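# Analysis of the macromolecular model
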2 protein chains.
Amino acid sequence: MTYCVAIALDEGLVFCSDSRTNAGPDRVSKYSKMHRFFYNEDRVFVILSAGNLATSQAVLSEVQRDLEQDRESKMLATSYVSDIAEYLGGLLLKQRKKYEFSVEQTTMIDAGATLILGGQIRGRKPELYMIYPEGNFIIPPETHPYLQIGETKYGKPILDRIIRKETSHDIAMKCALVSIDSTMRSSGTVGPPIECLFYRTDSLQPYERYFIFEESNSYLVKIRSLWDESIREAFSKLPNPANDF
Amino acid sequence: MTYCVAIALDEGLVFCSDSRTNAGPDRVSKYSKMHRFFYNEDRVFVILSAGNLATSQAVLSEVQRDLEQDRESKMLATSYVSDIAEYLGGLLLKQRKKYEFSVEQTTMIDAGATLILGGQIRGRKPELYMIYPEGNFIIPPETHPYLQIGETKYGKPILDRIIRKETSHDIAMKCALVSIDSTMRSSGTVGPPIECLFYRTDSLQPYERYFIFEESNSYLVKIRSLWDESIREAFSKLPNPANDF
């Protein structure tokens, strides 16, 4: 599994991802799920990936090839981030079709992968899309402007409480880290290093801030233990159920 | 969906369940998922149910019939709660087989349901089992002595932080309610009324405490808003990521 979250703020875009992949409990590895693209000081994209690792690797290497071989590559030619979402969706679906039906079998392989694409093209606003294994895609909801892929449930409540469009990028990065930390506590399929990136609206630079946190990183250790303490303290302050309701 | 949790404490057993069922967004109803059995001041059982509603209803009505018609019913005849888990597992599987293959179709019906069974038989310790749709069953882990069924992920982190064998039943009931509340916030498939029951070890009475909380219940409203405030406050106290890691 994997856990990635991306947040669309007024200030810009925040991306956060873990690095654990597992094909069964004996095949646990580390791969970055955060893929960065920056061209001509004119366009910046970040892609986060979850799901079948072979599929997401194949899609990303095809993007790279198109870029090298084809000056008309969608990544460079379009003025719309949504065109790139559609292009990536097509690549996802192509890979799925190639492998899901490649061998005769009773149980079909799940070759599906899900992507989050965020970025900005000069002259337009930053945008965020989640691209499904079927190739179609959505933007985040207005009220809770974030998207998640992978093992999404454990870390969702804190995002729902904190994240709004006007949230500062500091708070949003911290919230994404707490969200990933809660997920790591409850699921062995999500693990460090954790990458966290902030892209500022209209900067058209690869990022304004980028962190990579190893498990022993002092900030990560600190917020983990502080958060645990605070939750316990907050919990202990709640009134117990009494018999007079 | 549904969310139920049961906790095995030194003090006794705590059960907590929501009441929402949905067969698609247009078929949302309220059903109690908490089923209580008490016989001869000699044995007490609580069954929580999740999954296919027809299956869990059929299983429970078969249990009732067996009790009425068969004085040798497993529920009454055995001295082991595990025998009752096995009996319920058999009924679950029988229902699944009956309906999953009842009609020819390309996509199989999921007639599976999952149960939690907890209780005590005189002369033995209280026990807790989760019974899978396949009919097999497990007890809770030593270190985190709780079991969940249904929409389990949103509400798991708080249980992992708080619940131990030596936790008091007050704290455990409060923790179960916070766990269900977090789940209701994030998932529309889980909803009130919430039932919460505490059975004290060796009491062999139906329960020592039992609450049913409607959505507007003042205690539920209070812990919900206090918890939300405390989480926000705790979060705001965490240090922001700085650039000097």
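Rules of the game
- Residues numbered from 1 in each chain as written.
- Chains lettered and ligands numbered in written order.
- Predicted model: local features only at pLDDT ≥ 70, side-chain atom pairs only at ≥ 80, totals over all residues.
- Heavy atoms only, no water.
- 1 Å grid on protein atoms, 1.4 Å probe; cavity = no way out; pocket = protein on both sides within 12 Å on 5 of 7 lines; lining within 4 Å.
- Points joined across faces, edges and corners; volume = space filled by probe spheres on them.
- Helix = DSSP H or I, 4+ residues; strand = E, 2+ residues; numbered from the N terminus.
- Nonpolar A, V, L, I, M, F, W, Y, C, P; charged D, E, K, R; others polar.
- Salt bridge = Lys/Arg side-chain N within 4 Å of Asp/Glu carboxyl O.
- Buried < 20%, exposed > 50% of the residue type's maximum accessible area, 1.4 Å probe, protein only.
- Pairing = 2+ DSSP bridges.
- Contact = heavy atoms within 4.5 Å.
- Axes fitted to C-alpha atoms, helices over the stretch in contact; angles between N-to-C directions.
- Buried area = accessible area lost by both parts, 1.4 Å probe.
- Polar contact = N/O pair within 3.5 Å; in protein donor to acceptor, adjacent residues only side chain to side chain.
- Parallel < 35°, antiparallel > 145°, perpendicular 65-115°, else oblique.
- Left-handed = near helix turned anticlockwise from the far one by under 90°.

We now examine empty space enclosed by the protein. Overall, the coordinates contain one cavity of 30 Å³ or more when judged by the stated rule. By volume, the largest cavity is sized at about 230 Å³. Surrounding the largest cavity, 15 residues form its lining, Pro-157 and Ile-231 of chain A together with Pro-157, Ser-182 and Ile-231 of chain B being those nearest its centre. Of all elements in the fold, only helix 4 (156–162) and helix 6 (218–237) of chain A together with helix 4 (156–162) and helix 6 (218–237) of chain B reach the threshold of two or more residues within the lining of the largest cavity. Considered class by class, the residues forming the lining of the largest cavity number 10 nonpolar, three polar and two charged.

A word on the pattern of salt bridges. Residue and element names in this part refer to chain A. Overall, the coordinates contain 28 salt bridges over all chains when judged by the stated rule. Of the charged contacts, one joins Glu-208 and Arg-200 as a salt bridge, the two residues approaching to 2.5 Å between their closest N and O atoms. With a relative accessible area of 39%, Glu-208 lands in the partly exposed category. A salt bridge links Asp-228 to Arg-232, with the shortest nitrogen-to-oxygen separation between them at 2.9 Å. You can see Asp-228 and its partner Arg-232 sitting in helix 6, four residues apart, about one turn around the helix. Its relative accessible area of 32% is what places Arg-232 among the partly exposed residues.

With that out of the way, let us pick up the sheet that holds strand 9 (residues 137–138) of chain A. All names here are of chain A. Across the sheet, five strands lie side by side as 5-6-7-8-9; this open sheet has antiparallel pairing. Strand pairing shows two members of the sheet lacking a second neighbour, strand 5 (34–39) and strand 9, which therefore form its edges. Looking at chain direction, strand 8 (residues 127–131) and strand 9 are connected through two bridges and run antiparallel. Note on strand 9: the bridge partner recorded for Ile-131 is Phe-137. This element, helix 1 (residues 53–69), spans strand 5, strand 6 (43–51) and strand 7 (113–121) of the sheet and lies at about 10° to strand 5.

Residue and element names in this part refer to chain A. Counting buried positions over the nine residues of strand 6 gives eight, a clear majority of the element. Relative to strand 6, strand 5 is paired through six bridges, and the arrangement is antiparallel. Note that in strand 6 the partner of His-35 across the bridge is Ile-47. Hairpin connection from strand 5 to strand 6: three residues lie between these consecutive antiparallel strands, with Asn-40 at a positive phi of about 55°. Bridge count between strand 6 and strand 7: nine bridges; the pairing is antiparallel. Directly across from Arg-43, in strand 7, lies its bridge partner Ile-121.

Attention now goes to the sheet that holds strand 1 (residues 3–8) of chain B. All names here are of chain B. The strand order across the open sheet built from five strands is 10-1-2-11-12, with neighbouring strands paired in antiparallel fashion. Only two strands of the sheet have a single neighbouring strand rather than two, namely strand 10 (146–150) and strand 12 (209–213). In this sheet, adjacent strand axes meet at a mean angle of 10° when their direction is disregarded. In the sheet, strand 2 (residues 12–17) pairs with strand 11 (residues 194–200) via six bridges, with the strands oriented antiparallel. Paired with Gly-12 across the bridge in strand 11 is Arg-200. Along the sheet, helix 5 (residues 169–186) contacts strand 1, strand 2, strand 11 and strand 12; its crossing angle with strand 11, the most-contacted strand, is approximately 160°.

Before going further, it helps to spend a moment on unusual backbone geometry. The omega torsion of the bond from Pro-192 of chain A to Pro-193 of chain A falls at -5°, within 30 degrees of zero and hence cis. Along the polypeptide, Pro-193 of chain A turns up in the loop between helix 5 (169–186) and strand 11 (194–200). In this structure, Glu-41 of chain A is a non-glycine residue whose phi angle is positive, near 50°. The partly exposed category is assigned to Glu-41 of chain A, whose relative accessible area is 46%. Even without being glycine, Asp-202 of chain B reaches a positive phi, approximately 70°. Positionally, Asp-202 of chain B belongs in the loop between strand 11 and strand 12.

Looking now at the interface of chain B and chain A. With 43 residues of chain B in contact, the opposing surface of chain A contributes 43 residues. When the two sides are added together, the surface that chain B and chain A hide from each other amounts to roughly 4300 Å², 64% of it contributed by carbon and sulfur. Together, Arg-161, Phe-235 and Pro-241 of chain B form the three largest contributors to the area buried by chain B at its contact with chain A, with a combined 20%. For the salt bridge of Glu-151 of chain B with Lys-153 of chain A, the shortest nitrogen-to-oxygen distance reads 2.6 Å. The interface formed by chain B and chain A holds 18 residue pairs in polar contact (both at pLDDT 80 or more) in total. Listed by contribution, the elements that provide at least two residues to the side of chain B that touches chain A are helix 4, helix 5, strand 12 and helix 6 of chain B. The biggest single contributor to the side of chain B that touches chain A is helix 6 of chain B, with 13 residues.

Before going further, it helps to spend a moment on the packing of helix 1 of chain A against helix 3 (residues 81–100) of chain A. Residue and element names in this part refer to chain A. Interaxial distance between helix 1 and helix 3 falls to 9 Å at its minimum, and their mutual angle equals 130°. By the angle class used here, helix 1 and helix 3 are oblique. Handedness of the crossing formed by helix 1 with helix 3: right-handed. Counting all contacts with helix 1, which are made through Thr-55, Ala-58, Val-59, Glu-62, Val-63 and Asp-66, the residues of helix 3 involved are Tyr-87, Leu-88, Leu-91, Leu-92, Lys-94 and Gln-95. Classifying every residue of the contact of helix 1 with helix 3 by side-chain character gives seven nonpolar, two polar and three charged.

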